[in-house]
Structures are given as C-alpha cells and as structure tokens.
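Listed here are the chains, written in short residue letters.
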Amino acid sequence: MQGERGEAAPAAEAASAGEAAKEPSALLPAGLATEVLMAIGRKPVVRELHDLDAVDEARARWEELGCQTVTGEPVREDVATQAMVTDVDSVHTVRPLATHPLVERAVALGGDLARRALLDPESALYRWLCDRLGAEQGPLVMARPPAGEARERQVVYASRDLALAERARALDRMGADTPGQGDAIELGELLGYPVCCARAFASLERRWPNRLPIAAAAARTHSFEPRLNNLALHRFAWLAWFPCRYDCPESAAIAELAANHLALTYPDLVTALDLELARPRLYVSDAVQAALVGARWDGPTRVRFAALAPLGEAAAEALSPFASADHAVVDGVKAELRAGRTRLELPGDPLLLPFGLGTRPPS
C-alpha cells in the first residue's frame, strides 16, 4: 500500500451543530482537502477506504462530481489496529510476469536464453522484475485478527481519467507489509504525494498499524508543523497521507495550496482550522487521541498543559481517568502523563507530537 493514512472518506454532509464536538475539523467532511486538491488539478487520483456498505454511495458521489471510479478487492481490517487481516494466505498479483509486454518482447527477441534469464523463479533478475513490474507476487501470510472484531472494507479509486484510476488500483497493495519500494513512487505520483513521503512509507519494514508510520515520521521531525497534523483519521486534515516527517517541505507546500484555495472563500474557517491543528497531540491509537490545551515547553523533556481535550466519544471514555493530568514527560515522542508528581499509567505506550510548539528548548 502506498504511503497514505487511509484517505478518510468525505462525509455526505458536515456534522450538525448540535453534536458534542465543535472543533471545525470534526464538523467538516474529512476528505474536503482531498476534493480541493483534485479540483485545482493537484491530485490525479483519489483513494478512499470504505466499509463495504458505503462503497456504492461513495462511487455515486464521485461520479456526480464528474469522476470515474473503480474498486479494489475487498479486504478485512482489524478494528483495534486498522491492520489488514485474513483467515487464509493471500496472493497479490497484477499479472504473470511472462505476460508483461516488456518481458514478452524480450523473450520473443532473445528466445530460450532470455526466457531462462528473465523467468527463472530462482534468479535475482526475475525477483527484481516481479517487484518492479508488480507481477507474480508470492503469498502474503498475514496475521488473523485477535479475538477482537474485523470489518470488511474496500478501496474506491476516483479520477477524471479512468485509465489513471485503473493504474492506481493495479499498483496498490492492500495489506502488503514488506520492505522494498515496489511501485510506491508511481502510485504516490498518481495520488499526489511527494516522492520523499512515498519512499519513506515504502521503506518501512512494517506499515501497520498506523502508529508505526506515525512514529517513524515523528522520529525524523525537527519541528512539528500544524498543517501536517493528520493524526485523527475521522476528522478534516490538510494531508491524507503519512508525511516522511512532520516538517516535510514538500507536504507543507501541498497543504498550503489547499489552504490558500479554501481561504479564497472561507478565510475565517482556514484560520480556525490552523489554530486547532496547532495544538500538540497525545496519540494512543487512531481512536484514542487528545489535543493539549494551553500547552508549552517546560524544558526539553516536559510539556505542561491546562487540560486534555479528547477527540471523540471513544477517546473521552478512554481518557476520562486521566483528566487530572497537567504535564507530560517526553522521551523523543514517547510520553508519560503526570498530575503533579503522580505518574498516570496510561496504557498503549502513548506518543506526544508537539504540533505548534516549535523547536524544543535545549538541554
């Protein structure tokens, strides 16, 4: 799979004003920035992961906007970890290597010698070609879901050019959790991602759950830029992929394009979004996160704050025992919550990503 966070499907309508969460990122469609980037020609293909019962609605919506759509194969996702899971070995194959036009022509010209060199499963050249051309992918043995719940999901690819949507589908690898670049760069280009971000994601030894690419990007980051804050998948964000780092200039430039275009019509909304995304984020999982209100550095390893603001009902329930927290001690981006001198045992090995705080003070 390409270096994205699983592009959140745009909601049919913004949330009603009566809902508990009032932040603009919770009230806006999650995929609004994606729509803006497609409208200004910066995103050739949109890739959205939906529950199976929402696929037809998503396709109809994009087709009403003038796009053509195709779908990937259904996959199963563990609800707790967002990892792709299967009960049996799964084979991801675009086409047999022997039927690829380049290989067919080489074999026709070179005869048996070329056939042995290119199509011998034991040869390094064969394996390189399979990886580069997306062919003959071997069985992917993926963990079955734990005792928890798995849900059926499917990707929708939308584009104004059907050939581009089909090409993105052919390059994609839902559930692939292997090192190596493969077709990540080409797929990233189709989806409008910076090459550096596509390469960083593809280079990960493991890409699931989303915590892994988040932590990898955070570890590379010098200063956490608010417009690259994309941790809450169910809310609006300027980015719909994992940046190589949270101060990636290429990703920041794309976010700025979307923000500037939206600000032409809704300048106050963009200001409000930027202020919200400039709060540091406590990340336990995709479902359990909180923004830190009134946060500031208090030395190189301590962040003080006035309150935790959980993002959503699940987060509010999970974090309610920790409402007394007033600071976090950080080691890199790993965080330990404290209330005064009392250490709060928050499960899940939380991360603290200090969006909006600038460079941490020196020791």
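Above: the structure in question.
Rules used throughout
- Residues numbered from 1 in each chain as written.
- Predicted model: local features only at pLDDT ≥ 70, side-chain atom pairs only at ≥ 80, totals over all residues.
- Heavy atoms only, no water.
- Helix = DSSP H or I, 4+ residues; strand = E, 2+ residues; numbered from the N terminus.
- Buried < 20%, exposed > 50% of the residue type's maximum accessible area, 1.4 Å probe, protein only.
- Contact = heavy atoms within 4.5 Å.
- Areas by Shrake-Rupley, 256 points an atom, 1.4 Å probe, with all protein chains shown as cover.
- Axes fitted to C-alpha atoms, helices over the stretch in contact; angles between N-to-C directions.
- Parallel < 35°, antiparallel > 145°, perpendicular 65-115°, else oblique.
- Nonpolar A, V, L, I, M, F, W, Y, C, P; charged D, E, K, R; others polar.
- Salt bridge = Lys/Arg side-chain N within 4 Å of Asp/Glu carboxyl O.
- Arc of directions from axis to C-beta.
- Expected span 1.5 Å × (residues − 1).
- Pairing = 2+ DSSP bridges.

> Even after reading the chapter, I still don't get the overall build of the protein chain, so can you show me in this structure?
Along its length, the protein chain carries 12 helices and 16 strands. The burial tally for the protein chain puts 47% of its 363 residues in the buried class. Considering only residue pairs separated by 6 or more positions, the protein chain has 67% of its internal contacts joining residues 24 or more positions apart. Of the roughly 17,100 Å² that the protein chain leaves accessible, carbon and sulfur atoms contribute 54%.

> Please clarify how the packing of helix α2 (residues 32-39) against helix α10 (residues 249-263) should be interpreted in this entry.
Helix-helix packing is described using two parameters, namely the angle between the two axes and the distance between the axes. Two numbers describe how α2 lies on α10: the axes approach to 9 Å, and their chain directions differ by 90°. Between α2 and α10, the interaxial angle falls into the category roughly perpendicular. Contact residues: Leu32, Ala33, Val36 and Leu37 in α2; Ile254, Ala258, His261 and Leu262 in α10. Split into classes, the residues belonging to the contact of α2 with α10 amount to 7 nonpolar, 1 polar and no charged.

> When you look at the pattern of salt bridges in this model, what are you seeing that I'm missing?
Oppositely charged side chains may form a pair once their charged atoms are brought near each other. Going through the model one piece at a time under the given rule, you end up with 14 salt bridges. Its salt-bridge partner being Arg47, residue Asp172 comes within 2.7 Å of it at the nearest N-O pair. With Asp172 in the loop between α6 (162-171) and α7 (184-191) and Arg47 in strand β1 (residues 45-51), this pair connects stretches of sequence that are 125 residues apart. The residues Asp172 and Arg47 share a single accessibility class, namely buried. Residues Arg211 and Asp349 are paired through a salt bridge, measuring 3.7 Å at the closest nitrogen-oxygen approach. Within this pair, whereas Arg211 is found in helix α9 (residues 211-219), its partner Asp349 is found in the loop between β15 (342-343) and β16 (351-353), the two being separated by 138 residues in sequence. Owing to a relative accessible area of 42%, Asp349 belongs among the partly exposed residues under this scheme. Three or more residues joined by partner-sharing salt bridges are found here, namely Glu336, Arg338, Arg343 and Glu345.

> Sorry if this is basic, but what is going on with helix α5 (residues 124-133) here?
Spacing of three or four residues puts side chains on the same side of an α-helix, whose turn is 3.6 residues. Residues Tyr126, Leu129, Cys130 and Leu133 constitute the buried set of α5. Mapping the buried residues of α5 onto a view down its axis gives an arc of 100°, with all of them on the same face. Across from the buried face of α5, at angles greater than 90 degrees, the exposed residues are Ala124 and Trp128.

> What is the right way to read α10 from this model?
For α10, built from 15 residues, the straight-helix expectation of 21 Å at 1.5 Å per residue is met to within 8% by its first-to-last C-alpha distance of 20 Å. Looking only at α10, the buried set comprises Ser251, Ile254, Ala255, Ala258, Ala259 and Leu262. Down the axis of α10, the sector holding all buried residues measures 135°, keeping them to one side. On its buried face, α10 sits against α2, α8 (195-202) and α11 (267-277).

> So what exactly am I meant to see when it comes to the pairing of strand β14 (residues 334-339) here?
Consecutive side chains of a regular strand alternate in pointing toward one face of the sheet and then the other. Sheet analysis places strand β13 (residues 327-331) next to β14, joined by 5 bridges and oriented antiparallel. Bridging from a neighbouring strand, Val329 pairs with Glu336 of β14. Hairpin connection, β13 to β14: the antiparallel pair is bridged by 2 residues, and Gly332 has positive phi, about 70°. Judged from the 2 bridges that link them, β14 and β15 form a sheet pairing that is antiparallel. Bridge assignment links Ala339 to a residue of β15, and that residue is Thr342. Taken together, β14 and the strand that follows it, β15, pair antiparallel across an intervening segment of 2 residues, in which Gly340 is found at a positive phi of about 60°.

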